[in-house]
Structure formats: C-alpha cells, structure tokens
Amino acid sequence: MKSSMFVFGTDIVGEGVETVLDNLTARAGVDTISLSATYHNARDVFPHNPRHRVYRHEGDIAWFRPNKRLYPGGFAPPLASDADGMDVLGLVTDAAERRGTDVKAWTIYSHNSRLSAAVPDTSVRNVFGDRMRGDLCPSNPLVQDHFAALTADICSYPISTLLAECLHYRAFEHGEHHERYLIDIPGHVRSALGLCFCDSCAAAGAKHGVDVPSLETALRYAIDAALAGATGGFEAALAEDLDRYATSRVATITALTRDITSVATQNGVRLSFIDHSGAMSHVMTDVTPEEATSTAARRLGIDPRAAAGAADEYLALIYTDDPERADTMMRGYRALLGDDVPISYGFRPLKPDCSDESNLAAKVSAARAAGASSVDFYHYAMMPLERLDWIARALDGAKDSATRSGQPAFGPS
C-alpha cells in the first residue's frame, strides 16, 4: 500500500523543498508528494508555515509555468504571485528525482472563479438563469478544451500521476465563499438549485429523452413553492424527469473523464479520479456517508463504476470521524468497483475527522484490509507537525497488522 500527502505551493516556498520532502518521507513515512499544481479560492490556517498563519489563496492560479499557447482563448492560469517567480512544480520534481521520491500533481477542474468570471457562459446556469460563478460547467465545449489543455500542460512535467479534483459537477452546497441561505431548504431542493441548464446541458438532457423546457418550467414552480414554505418532495413526474436529467449528467462526466485520461496517458501519466462524494455528507445534510457511492455521487454526475472504468485509479475521500463508518464506506467502494480497480482512500488526520491518533490508525489499517492501492493524507499545510508522527505510526501499524494476519503488507500499486 503506497502513501502520499497533499502539499501546497506555499509549503514549498515557505519551508523549502528539502525540508518538506524530509518531513514527508523521513518523519511521516510517506513515499509520494502530491503537490497542488493549481488551487481555488480559500482561506486556511497554517500551523507551521514560516510566512503565514492565516492565508488567503489567490485562487485559480498555477504553481508551475503554464504554456499559454495550449489554452483556448489564451485563458491559461497565471503563475501564483506567492510563487516568487519560481516554477514550484519543476522545483519539486527535480528535488524528488534526486531522492527517488514519487511525485503526483493535484489539480482543480470545475471549481474555478477566474475563468467563469472572464467568460460567464462557461459557468453553470441554474433553472432561473442565475450563473454560478466559481462553477464551470463540465459539458461546455470551451470548458472541456480548457480541461484538456490544463491536463496536457501539467502532464508535461515528470510526474507519475495526475490527481483530478472536481472533474465533475459541483454541489450547490459547496460553491462560493461566505455563501448562505437563512431559511430551511430541503436537500432535494438544494440539489435542484445546483443543476445546470446551460445550452450544452440542455442538449445532453434532450438526448436522454428529457423535455427540458417543460422540466425547467415545472422545476421553477416547484422550487418557488418550496422556498415559500411548501413541504414534501417533487411530484412523481418531475422526479422521473430529474432522474433522466441526472443520467445525462453522468454520461457527460464519464465521457469527459475518459477524454482527460487519454490526454494524460498520451503524456505517460496516470489519472486518478477524485470522488468528492465521501466528503459531501457534511454539506449535503440529507445524505449519509454510506450513501457516498449512490445519492451523493449521482448529484455530482458521478457513476463510480463508470468513472473508475474511464480513469486509471479511483481516489475516494473518506471524511468521517467514525472508524467503523469509514470501514463500511471503504468496503462499499471495493464491493462496488471490484477487486481489480486500484482504489486510493483519502483521510484527514485533523478535525473534525480525527479526534486522536488511534482514530487515524484504525482507518489506515481498515484501508489496507479493504485492498487500498494507496492512502492519501490531507493536508500538510494545515496539520500540526506532530500529526506527521501519527501518520508514520499508522502506516507502520497497518504494515505490522498485515504481517501478523499473513496477508500481503502492500496492495497493488
């Protein structure tokens, strides 16, 4: 079972690449660094960064030198201001090669405020015609071309794997910053508010037998009624159309994943599809972690089996504070995807997921028992350095447990 840790460009600039790699490999015992090649807007607390304690990410920038000629319309992500002019990804791959350390690059696709602001037609358009700034629509041709260019650009570096985050539709509940609604909005209504009805999505829906104009009219009426206080779900006919519309979204994401994997493959890089479903129960309050592979995934346009078949690896985020629940989720993914699909599991050795060291150790051991190809820890920048010791002991414990049980200590890689 391999292991990696997510790292920001600010970690490399602030602490130095050798210090970060020492902490990851020698102290935490992981064998791979997963560097954010791009990132979105956010504000984080950094417990050990020499330059920052509270950091506002610039948003939709690159921690590598983008080749602007690759991008349609010239919409390449700019080099991060805080990179201090450095090609951070290049710096990391050079240092890692000298050490024999593996490098994965981690990039963000549909969560992008910069492009959606510059070209509003690329953003999700809900049933009321509102544009969701920050949410690129995966069915939009310009967006798909942008994703392909971004993939080719990052995969020109000597990395083993591209971690594809947000290569799917996004949830209404996890969009812009300081978002709020001060009334009770049921989960099915929030889901409907996040659906895209741009021209590309409407055309895809029509191909799946949906009368999109009629659906939009009925949906607007139903949402307005719910926002005015009506209770209950949508009527059966509307629910059936919404299910067919969801099927069209799944087809879009599956085809897009296959296309982006092909771009990575042409550059000799594996693509790992990050499935956000296991992290969504904290915002989709009507969805339990166990429903990650079904209800939550479908809301994001993901069919786990189809996406796994279109990518080289499946990375499921297991964001829960309960080790037993985590074990149930991981075994659920393995049962759904089969024994031959490489599955990686992502953990946060931090609040609210890990209350103590034994919590993390139990999850890592459960991942090994569930046949994980890798475990990925989120996030170096946001954890006290003592958590590196938790990770090292958890990995050692999983290895020892495998040896005692007579099973292989390492899964497929």
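Everything below is about the structure shown above.
Each chain has its residues counted from 1, following the order in which its sequence is written. Given that the model is predicted, a residue must reach a pLDDT of at least 70 before its local features are reported, and side-chain atom pairs must reach 80 or more before they are shown or counted; all residues, however, enter totals for whole chains, interfaces and linings. Only hydrogens and water are set aside when side-chain values are computed; all heavy atoms of the structure are taken into account.

## A look at the environment of Gly73
You can see Gly73 is positioned in the loop between strand E6 (61-62) and helix H3 (88-99). Put simply, Gly73 and Ala279 are 206 residues apart on the chain and 34 Å apart in space, counted from C-alpha to C-alpha. Going along the chain from the N terminus, every DSSP run of H or I of four or more residues is numbered as a helix, and every run of E of two or more is numbered as a strand.

## Quick word on the pattern of salt bridges
We count a salt bridge whenever a side-chain nitrogen from Lys or Arg sits within 4 Å of a carboxyl oxygen from Asp or Glu. Under the counting rule described, the total for this entry stands at 19 salt bridges. Two residues, Asp243 and Arg298, come together in a salt bridge whose shortest N-O distance is 3.2 Å. Of this pair, Asp243 sits in helix H9 (residues 236-266) while Arg298 sits in helix H10 (residues 292-299), and the two are 55 residues apart along the sequence. Exposure is judged per residue with a 1.4 Å probe applied to protein chains only, and the accessible area is read against the type maximum: over 50% gives exposed, under 20% gives buried, and values in between give partly exposed. Relative accessible area serves as the criterion here: at 30%, Arg298 is assigned to the partly exposed category. Taking the shortest distance from any N to any O, the salt bridge between Glu290 and Arg325 comes out at 2.8 Å.

## Topic: the sheet that holds strand E2 (residues 32-36)
The pairing of strands in a sheet comes from backbone hydrogen bonds and takes either a parallel or an antiparallel form. The strand order E1-E2-E7-E11-E12-E13-E14-E15 describes a closed barrel built from 8 strands, whose pairing is parallel. Looking at each pair of strands side by side, their axes are set apart by 25 degrees on average, direction ignored. Strands are treated as partners if at least two bridges between them are detected by DSSP. Bridge analysis of E2 against strand E7 (residues 102-108) gives 5 bridges, and the strand direction is parallel. The residue bridging Ser34 from the neighbouring strand is Lys104, located in E7. Contacts from helix H12 (residues 323-337) reach strand E12 (270-275), strand E13 (313-317) and strand E14 (343-347) within the one sheet, and its direction differs from that of E14 by about 160 degrees. To get an axis, a line is fitted to the C-alpha atoms, and for a helix only the part in contact is used. The angle between two axes follows their N-to-C directions and goes from 0 to 180 degrees. By definition, residues are in contact when any of their heavy atoms lie within 4.5 Å.

## Remarks on the packing of aromatic side chains
The criterion for an aromatic pair is that two Phe, Tyr or Trp rings (for Trp, the six-membered ring) have centres within 6.5 Å, with stacked assigned to planes under 30 degrees apart, edge-to-face to planes over 60 apart and tilted to the rest. One pass over the full model with this rule turns up 14 aromatic pairs. Centroid distance Phe8 to Trp106: 5.9 Å. Interplanar angle 15 degrees. Geometry classified as stacked. Linking Phe8 in the loop between strand E1 (2-7) and helix H1 (9-15) with Trp106 in strand E7, this pair joins segments that are 98 residues apart in sequence. Judged by relative accessible area, Phe8 falls into the buried class, the value being 2%. A residue is classified by how much of its surface remains accessible, and Trp106, at 1% relative accessible area, is buried. One aromatic cluster is present, formed by Phe6, Phe8, Tyr39, Phe46, Tyr55, Trp106 and Tyr378 through successive ring pairs. Any Lys NZ or Arg CZ that is within 6 Å of a ring centre and within 35 degrees of that ring's normal is treated as a charge sitting over the ring. Its guanidinium or amino end placed over the ring of Tyr169, Arg249 lies 3.9 Å from that ring's centre, counting from NZ or CZ.

## Things to note about the sheet that holds strand E10 (residues 131-136)
In space, the 3 strands of this open sheet follow the order E8-E10-E9, with antiparallel pairing throughout. Strands with a single pairing partner mark the edges of an open sheet, and in this sheet they are strand E8 (111-112) and strand E9 (123-125). Where E9 and E10 come together, 3 bridges link them in antiparallel fashion. Pairing of Ser123 across the sheet is with Leu136, part of E10.

## A short note on the packing of helix H7 (residues 199-207) against H9
Two elements in contact, H7 and H9, have axes separated by 8 Å at closest approach and are oriented at 110 degrees. Considering the angle they form, H7 stands roughly perpendicular to H9. Seen from above, H7 lies across H9 with right-handed handedness. Every residue of H9 that contacts H7 at Cys201, Ala202, Ala204 and Gly205 is listed here: Tyr245, Ser248 and Thr252. Note that the term roughly parallel is reserved for angles under 35 degrees, roughly antiparallel for angles over 145, roughly perpendicular for angles of 65 to 115, and oblique for everything else. Here a crossing is taken to be left-handed if its near helix is turned anticlockwise relative to the far helix by less than a right angle, and right-handed if that turn runs clockwise.

## Comments concerning the nonpolar core
Core analysis: the biggest nonpolar cluster contains 138 residues, and Met5, Leu219, Tyr345, Phe347 and Phe377 have the highest contact counts within it. Broken down by element, the residue count for this core peaks at 7 residues, all from H9. Beyond its immediate chain neighbours, meaning those up to four positions away, Tyr345 contacts Leu315, Ala316, Ile318, Met330, Tyr333, Arg334, Ala367, Ala370, Ala372, Ser374, Val375 and Asp376. Nonpolar cores are built from buried Ala, Val, Leu, Ile, Met, Phe, Trp, Tyr and Cys residues. Side-chain atoms within 4.5 Å join them into one set.

## Looking at helix H2 (residues 17-28)
A helix is expected to span 1.5 Å multiplied by its residue count minus one. Compared with the 16 Å implied by 1.5 Å per residue over 12 residues, the 15 Å span of H2 between its first and last C-alpha is a close match. Along H2, the residues that are buried comprise Val17, Val20, Leu21, Asn23, Leu24 and Ala28. Looking straight down H2, one finds that the buried residues subtend no more than 155 degrees of arc, so they occupy a single side. In this description, one arc is meant: the one made by directions from the helix axis to the C-beta atoms.

## Description of H10
For H10, every residue scored as buried is listed here: Ala292, Ala296, Ala297 and Arg299. One face of H10 carries all of its buried residues, which in axial projection span an arc of 160 degrees. Of the surrounding elements, those touching the buried residues of H10 are helix H6 (187-193), H9, helix H11 (304-310) and H12. In the stretch just after H10, Gly301 is the one whose phi turns positive, near 80 degrees.

No statement about biological role is implied by the geometric values presented.
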